Amino acid sequence: MVRSIIDEFRKQAREHKTIKAFYYNKVHEQGSGKDKYPLLWIEDPVYGRNADNVFRSSINFSILFLPEKGREVAELQNLAFSVGLNILERMKQDDESPVAILPDWTYLTLRNYYDDNACGCRFSVNMIQRNMQNLCLIDEQFDREKEFGTDASLPQFDIDTANNCEIFVNKFPQFDLKLRR
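(A) Main features of the side chain of glutamate 8. With respect to the helices and strands, glutamate 8 occurs in helix α1 (residues 2-15). Salt bridges are absent for the buried glutamate 8, whose nearest opposite-charge side chain, lysine 11, sits at 4.3 Å.

(B) Main features of the confidence of the model for the protein. Per-residue confidence for the protein gives a mean pLDDT of 85, with 86% of residues at or over 70. Mean pLDDT in the protein bottoms out at strand β8 (residues 159-160), which sits at 60, and peaks at helix α2 (residues 73-93), which reaches 95.

(C) Representation of α2. In a regular helix each residue adds 1.5 Å, so 21 residues correspond to 30 Å; α2 covers 30 Å between its end C-alpha atoms and thus fits that length. Here α2 has its buried residues at Val73, Leu76, Gln77, Ala80, Val83, Gly84, Ile87, Leu88 and Met91. The arc that holds every buried residue of α2, seen down its axis, measures 130°, which confines them to one face. Turned more than 90 degrees from where α2 packs its buried face, Asn78 and Gln93 sit exposed. Close packing links the buried residues of α2 with α1, β2 (39-44), β4 (54-65), β5 (100-101), β6 (106-113) and β7 (118-130).

(D) Structural context of the pairing of β4. Most of β4 sits inside the fold, with nine of its twelve residues counted as buried. Two elements, β2 and β4, share four bridges in a ladder whose sense is antiparallel. By the bridge assignment, tryptophan 41 is partnered in β4 with serine 62. Here five bridges tie strand β3 (residues 47-51) to β4, and the two strands are oriented antiparallel to one another. In the sheet register, alanine 51 faces β4, and the bridge partner there is valine 54. What sits between β3 and β4 in their antiparallel hairpin is a turn of two residues, with aspartate 52 showing a positive phi close to 55°. Relative to β7, β4 runs antiparallel, the two being bridged by twelve bridges. Its bridge partner lying in β7, valine 54 is registered against arginine 130.

(E) Looking closely at the nonpolar core. Formed by 27 residues in total, the largest nonpolar core has its most connected members in Phe9, Leu40, Phe61, Ile63, Phe123, Val125 and Met127. Of all the secondary-structure elements, those providing two or more residues to this core are α1, β2, β4, α2 and β7. Not counting residues within four places of it along the chain, the set of residues in contact with phenylalanine 9 comprises Phe22, Ile42, Ile59, Phe61, Ile87, Met91 and Met127. Counting eight residues, the second-largest nonpolar core is a separate cluster that includes Ala21, Leu39, Leu110 and Ala118.

Parameters at a glance
Residues numbered from 1 in each chain as written. Predicted model: local features only at pLDDT ≥ 70, side-chain atom pairs only at ≥ 80, totals over all residues. Heavy atoms only, no water. Helix = DSSP H or I, 4+ residues; strand = E, 2+ residues; numbered from the N terminus. Buried < 20%, exposed > 50% of the residue type's maximum accessible area, 1.4 Å probe, protein only. Lys, Arg positive; Asp, Glu negative; His and termini not counted. Salt bridge = Lys/Arg side-chain N within 4 Å of Asp/Glu carboxyl O. pLDDT = per-residue confidence, 0-100. Expected span 1.5 Å × (residues − 1). Arc of directions from axis to C-beta. Contact = heavy atoms within 4.5 Å. Pairing = 2+ DSSP bridges. Core = buried A, V, L, I, M, F, W, Y, C linked by side-chain atoms within 4.5 Å.

In structure tokens form, the structure reads like this:
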């Protein structure tokens, strides 16, 4: 389910004439200095919930540009909004898309964003997707006879029992440290 959301946005980013890169990663990874602009960035994590066998997912994605001489930040923010709106509207019109965009999305303009000082627009989008689990295959995912393995909580010590005397090989050394003068 998550893969289908990411793949759908990757497809839109790849096919849009303006976008040069696509990322799905945590927000703190943005602005690393190695990103290619203009880009579409989906923020990890994707949020979701289930209601009546329909998954409702919430994602945040940004369309980002690097400001250049001669272009105002507001002009690039406007362009980023336009690109994001084009992507959302195209996804709404696609009958074969695995997700349906809900009409309650929001946007936020960005300026001096992270270390790259990028600018653009961040969208928060809600979408729905049907539960695609094949209920006939549920029993194949479980094993009634399965048991969890057990691990020793402490490592075993090798001992030498020669002459009825036990010598612990892995015992911690003792130090005689002076604490006072």
